[in-house]
Amino acid sequence: MSSPVEQFQIQKIITLPEIGGVDVSFTNSALFMVIAVCAATAFLFLGIRNAKLVPGRWQSMVELMYTFVADMLRDNVGKEGFRYFPFIFTLFVFVSFGNMLGMLPYSFTYTSHIAVTGTLALVVFIGVTIIGFSRHGLHFLRMFFPHGAPIATAPILIPIELISYFSRPFSLAVRLFANMTVGHIMLKVLAGFIVAMGVVFGVVPLAAVIGITILEFGIAFLQAYVFTILSCIYLNDAINMH
Amino acid sequence: MDETKKSPTLDDIETRLNAARSHKDARPGGSPREGRANAKGMGVAVRIGVELVCAVGVGVGIGYVLDRWLGTTPWLMALFLLLGGAAGVMNVYRVVKGLDDTIGLGQAIRRKEELENSSRQSEK
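Quick caveat, the model's predicted, so the values are computed rather than measured.

1. Comments concerning the overall build of chain B
- Of the regular secondary structure elements, chain B holds five helices and zero strands.
- Listed by position from the N terminus, the elements making up chain B come as α-α-α-α-α.
- Here the contacts in chain B between residues at least 6 apart in sequence split such that 37% fall between residues at least 24 apart.
- Taken as a whole, chain B presents about 8900 Å² of accessible surface, with 61% of it coming from carbon and sulfur.

Now the structure itself:
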């Protein structure tokens, strides 16, 4: 029986020559990212191709997705944040399509690799820091010292807040990666029990697998939501310095 | 009657949409943190672990880099280990109290209080 972590193995599909010592081969991870982008583009474009005032099922799904992200951005950042709507929307679509594609049998979940989630989190972190400094200049640093606290506590409070700030990309990346990896390993292990326990007793793990599959769909959506809403909250810090 | 049923006017649709929307907003909280209690509990548990470990790790990392740069091994690393632990506990406190991740614990607490006050007022 195959190992439960075999599904996360990166395989080269098209081997390309190294560029500057970096292996840029086209892997199964890259393939599924391309599939996700194509699927998302098709979903959005075909959904609004024949846009009607009273939307059909497909169009209302697209509109629901749009309003979902727009509401999230409005509630957490405010009107100013809509300049960054394209980025936040793309982030949500990319992560949620990656999570959902991973739920298909024989597919590859690119969000279960910390290289992918870490890169996304770093882009958010660095972007937000740049936005903060470009909008507020060095005043942005004032955020790290709370108003009204005695000045003598600064040497302790500022490093703590700074460390908390720098731990953001890590916690953002690890949360998404850990949730997706754990879920897929759990499914695989329980599915292995079905085979091992035979036809009669295998019904018990089969029922568990069905339940957990439904749960995993929920988690796939929830983690995309969490990733996006945290990006919104970080953006809010940078835009509306309190 | 039948005529209007077949093709409702724009105003009709508008009023119905607004009614549906106001109904949606009236629901308590309104935060779309749905999903089963299981998923929620596991999510919180994973988050607490991740937050604590990340902050300590980042603290140690900063201390290590500073030590190598300033040649003060191992004092800054020990100091930042403690600071990282403090930051980790602060982040866990935020998760448990349901605060958001804005910079500054005081601001996070204030934001939550404002949110609660505004939701309480809208309930009245």
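2. Points about the packing of aromatic side chains
All names here are of chain A.
- Under the criterion given, the structure shown has 16 aromatic pairs over all chains.
- A centroid spacing of 6.0 Å and a plane angle of 55° characterise the contact between F43 and F97, whose relative ring orientation is tilted. Linking F43 in helix α1 (residues 28-47) with F97 in helix α3 (residues 85-102), this pair joins segments that are 54 residues apart in sequence.
- When its relative accessible area of 15% is taken as the criterion, F43 is described as buried.
- A centroid spacing of 5.2 Å and a plane angle of 70° characterise the contact between F133 and F140, whose relative ring orientation is edge-to-face.
- You can call F133 partly exposed: its relative accessible area is 32%.
- Three or more aromatic residues joined by ring pairs form one cluster here, namely F125, F133, F140, F144, Y165 and F166.

3. Thoughts on the side chain of R47 of chain B
- In this structure, R47 of chain B sits in helix α3 (residues 37-70).
- Residue classification places R47 of chain B among the buried residues on the basis of a relative accessible area of 16%.
- If sequence neighbours within four positions are ignored, R47 of chain B has contacts with R175 of chain A together with V95 and D101 of chain B.

4. Some details on unusual backbone geometry
- The omega angle of the peptide bond from T73 of chain B to P74 of chain B is -5°, so this bond is cis rather than trans.
- Note that P74 of chain B resides in the loop between α3 and α4 (75-97).
- Positioned with a positive phi, Y106 of chain A is a non-glycine residue whose angle comes to about 65°.
- Secondary-structure assignment places Y106 of chain A in the loop between α3 and α4 (114-136).

5. Thoughts on the layout of surface pockets
Residue and element names in this part refer to chain A.
- Each pocket or cavity is described by its volume, and for the second largest pocket that value is around 740 Å³.
- Around the second largest pocket, the lining comprises 26 residues; the ones closest to its centre are Q7, P105, Y106, H184 and K188.
- Those elements that place two or more of their residues in the lining of the second largest pocket are α6 (168-201) and α7 (203-239).
- Per-element tally for the lining of the second largest pocket: the top contributor is α6, with seven residues.
- The residue makeup of the lining of the second largest pocket, split by class, is 13 nonpolar, 11 polar and two charged.

6. Things to note about the nonpolar core
Residue and element names in this part refer to chain A.
- By size, the foremost hydrophobic cluster in this structure holds 53 residues, and its most contacted members are F227 and L235.
- Only α1, α2 (57-76), α3, α4, α6 and α7 provide two or more residues apiece to this core.
- For this core, the element with the most residues is α7, which contributes 12 residues.
- Apart from residues no more than four positions distant in its own chain, F227 is found in contact with L91, V95, T117, L120, A121, L172 and L176.

Parameters and conventions
Residues numbered from 1 in each chain as written. Chains lettered and ligands numbered in written order. Predicted model: local features only at pLDDT ≥ 70, side-chain atom pairs only at ≥ 80, totals over all residues. Heavy atoms only, no water. Helix = DSSP H or I, 4+ residues; strand = E, 2+ residues; numbered from the N terminus. Contact = heavy atoms within 4.5 Å. Areas by Shrake-Rupley, 256 points an atom, 1.4 Å probe, with all protein chains shown as cover. Phe/Tyr/Trp six-rings, centres within 6.5 Å; stacked < 30°, edge-to-face > 60°. Buried < 20%, exposed > 50% of the residue type's maximum accessible area, 1.4 Å probe, protein only. 1 Å grid on protein atoms, 1.4 Å probe; cavity = no way out; pocket = protein on both sides within 12 Å on 5 of 7 lines; lining within 4 Å. Points joined across faces, edges and corners; volume = space filled by probe spheres on them. Nonpolar A, V, L, I, M, F, W, Y, C, P; charged D, E, K, R; others polar. Core = buried A, V, L, I, M, F, W, Y, C linked by side-chain atoms within 4.5 Å.

Nothing here speaks to function; it is all geometry.
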